[in-house]
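Each chain, letter by letter, is given below.
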Amino acid sequence: MSQDKSNGQERVDLLVVGAAEVATAMGQEALGGARLAGCHVGKGWAVAVAGERIAGVGPEAELRARFQADAELDACGGTVVPGFVDSHTHPVFAGTREDEFEMRTGGATYVEIGLAGGGILSTVRGVREESTEVLLAQLLMRMDRFLELGTTTVEAKSGYGLSTEMEIKMLRVIAEANRMHPVDLVPTFLGAHEYPEEYRDRRSDYVDLLVKEMLPRVAEEKLAEYCDIFTETHVFGLEDSRRILTTAKDLGFRLRLHVDQLTPLGGAELAAEFGADSADHLECVTDKGIEALGDAGVIPVICPLVALYLRQEQEVPGRRMIDAGLAPAIATDFNPGSCYTQSMPEVMTWSALRMRMSASEVLTAATLNAAASLNRADDIGTLEVGKRADLLVLDLPNYKHLAYELGRSPVRVVVKNGQVQFQK
Ligand code: NIG
Ligand code: FE
C-alpha cells in the first residue's frame, strides 16, 4: 500500500464493491459457545486488498474515499465471506470405491468392509501402484475443484501409503501440489491410518516402524506439520496411539486425531491429554470426552456428512458440544471411502440441519475455527485488516442462504492471496 500524493488516498490493488453484505467472524482465536454465532454482517460494505493482504473492510463509501484502487471487483449484489477452510481431508488417492458405497447401501458396515481387506486398504493398494506424476495430476485437479467450491485452505493427510517410502511419496506429492497451486495445503502425516497387509499379524512391529523410522524421516524432511492417528477399537488402540503421539510430540509435530468415530474409546480424552489442536469425528464421544476437550481447549472437527455416508445412526453431538462452550470447526473429510465430497457449502447446510447450528455458527466453524484448528487463525479465516486476502463473492442475497440452499455451488468469484483465481 502506498500514499498517493495528489489526493491523500492510499493506493490498493483491488476494491471489492457492490456487495449486499460482507459477513465474517472476527479475531485470531476459535470462538466457542454463544460466541460461535458472533459473525459480523456489514450491509453495503466493501473490502480493500493490497498485495496478498486485506487493507480495509467497511462501508463502501468510506473505503472509496480512503483508497485509490487499481482494479474493482463488482460483487453484483452478492455476499462476500472469507474463503472456506477445510480442516480434514484425505485428497491424495488412486481409484475410487463406488462398489463399497453400494455394499453399504445394501447393508454392509464400514468396519466389515475394512476387515475383509476393502476400505482403506483397497486405496492403499491403489496408491502404492500409482506413479507420483499421476497422483500429483489428480491432486491438482481436486484442488481446482476445492477452489471452485470456495475452499482456499485445505488440510491434506497422507495415510494410504503405510510404508516409509509410500508415505513419503504421498507427502512429497502434497508439497509439490502446494507449490504449484494457489490453494494452500496443510500437510498431515497419517501413517497410523491402518495396519498394512504385510503387518496384519504383527501389529506392534508396525508401531515400531512408525516411531523408529517413519516419524523421524518425515520430521527430518519437514514434510508434515501435523501427525494424525485413526484411534479406534479395530485399528490403533489407546496404548499404541499414546506411543505414537509421544514420539510425534517429541519430534515437534502438532497433533490432530481421528477419535471416537465408531466406538466410545476415550479418544477425545486422549486428544486432550496430549494437547492436540483438534479431535476429529467424535460421533460416539461421551459427556466426559466433551468435558475433557473443553478443559484442554481442543477444537472438535465435525464432519457431518460421514455418518450419512456410512449410514451410521449415531451423529456427532454438535449442539451439545456448543452448549458446553466448545468451539467446533466443520469439515468435509473428503476421501474415496467414507465421504466422497469436497463441498463445504454442502457441509454447512448439513451442519445446520443435523447439528442445529445457525448460519452464523456454521460460517464461523467453516472459517475462523477451522483456521484455528490448523494453527492459522492469525493469518486466515476472517476478513480483517492484515489477514490474507482469501475471500469469496457468493451469488446469494445474504449469508443465511449459505446454510439454507442445498445442491448448487453459490461461489461466483474466489480471491486467494489477493488474486482472482476463479470466476464463474
Ligand atoms: O476419516 N476414519 C478413518 N479414515 C477416513 C476414511 C478413509 C477411507 O475410508 O479411505 C475417515 O473417515
Ligand atoms: Fe478422516
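Residues numbered from 1 in each chain as written. Chains lettered and ligands numbered in written order. Predicted model: local features only at pLDDT ≥ 70, side-chain atom pairs only at ≥ 80, totals over all residues. Heavy atoms only, no water.

Asker: Please give an account of the domain arrangement of the chain that cites residues and values.
Answerer: Here the chain is described as being made up of domain 1 (2-82 + 382-423) and domain 2 (84-373). Taken over C-alpha atoms, the centre of domain 1 sits 30 Å from the centre of domain 2. Each partner contributes residues to the interface: domain 1 has 35 residues there, and domain 2 has 33 residues. Both faces considered, domain 1 and domain 2 share a buried interface measuring about 2600 Å² in area, 72% of it formed by carbon and sulfur atoms. The interface formed by domain 1 and domain 2 contains one salt bridge. Between Lys 416 and Asp 184 there is a salt bridge, and its shortest N-O distance comes to 2.8 Å. The interface formed by domain 1 and domain 2 includes ten residue pairs in polar contact (both at pLDDT 80 or more). Of all the elements in the fold, those that place two or more residues in the side of domain 1 that touches domain 2 are β8 (79-82), α16 (400-404), β18 (411-416) and β19 (419-423). If you tally residues by element for the side of domain 1 that touches domain 2, the top one is β18, at four residues. (Domains from an automatic or database assignment. Contact = heavy atoms within 4.5 Å. Buried area = accessible area lost by both parts, 1.4 Å probe. Salt bridge = Lys/Arg side-chain N within 4 Å of Asp/Glu carboxyl O. Polar contact = N/O pair within 3.5 Å; in protein donor to acceptor, adjacent residues only side chain to side chain. Helix = DSSP H or I, 4+ residues; strand = E, 2+ residues; numbered from the N terminus.)

Asker: Could you give me a rundown of the coordination of the iron ion (ligand 2), with the residues and numbers involved?
Answerer: Summarising the metal site, the iron ion (ligand 2) is bound by the protein donors His 88 (NE2), His 90 (NE2), His 258 (NE2) and Asp 333 (OD), whose distances to it range over 2.1 to 2.4 Å. Of note, the iron ion (ligand 2) draws all its donor residues from one chain, in the sequence arrangement H-x1-H-x167-H-x74-D. A residue pair is termed long-range when its members are at least 10 positions apart, and His 90 in the loop between β9 (84-86) and α2 (98-105) and His 258 in strand β13 (residues 254-259) qualify at 168 residues. Residue His 90 shares its accessibility class with His 258, and that shared class is buried. (Donors = N, O, S within 2.8 Å, 3.2 Å for Na, K, Ca; no water. Buried < 20%, exposed > 50% of the residue type's maximum accessible area, 1.4 Å probe, protein only.)

Asker: Explain the environment of Glu 220 to me, using residue names and the numbers behind them.
Answerer: Residue position: Glu 220 is located in helix α7 (residues 203-220). Considered as a pair, Glu 220 and Leu 251 are 31 residues apart in the sequence and their alpha carbons are 9.0 Å apart.

Asker: Tell me about helix α13 (residues 344-355), and name the residues and values.
Answerer: Most of α13 sits inside the fold, with nine of its twelve residues counted as buried. Residues of α13 that are buried: Met 344, Pro 345, Val 347, Met 348, Thr 349, Trp 350, Ser 351, Ala 352 and Met 355. Capping of α13 at its N-terminal end is provided by Ser 343; its side-chain oxygen lies 3.0 Å from the backbone amide nitrogen of Glu 346. Directly beyond the C-terminal end of α13, a positive phi value near 50 degrees is found at Arg 356.

Asker: Please give an account of the packing of aromatic side chains that cites residues and values.
Answerer: One pass over the structure, following the stated rule, counts nine aromatic pairs. Taking the centre distance of 4.2 Å and the plane angle of 25 degrees together, the rings of Tyr 195 and Phe 236 count as stacked. Residue Tyr 195 is located in the loop between β11 (184-192) and α7, and its partner Phe 236 is located in the loop between β12 (226-229) and α8 (238-250); the two are separated by 41 residues in the primary sequence. A single burial state applies to Tyr 195 and to Phe 236, both of which are buried. On the numbers, 6.1 Å between centres and 25 degrees between planes, the contact of Phe 334 with Tyr 340 is stacked. Judged by relative accessible area, Phe 334 falls into the buried class, the value being 3%. (Phe/Tyr/Trp six-rings, centres within 6.5 Å; stacked < 30°, edge-to-face > 60°.)

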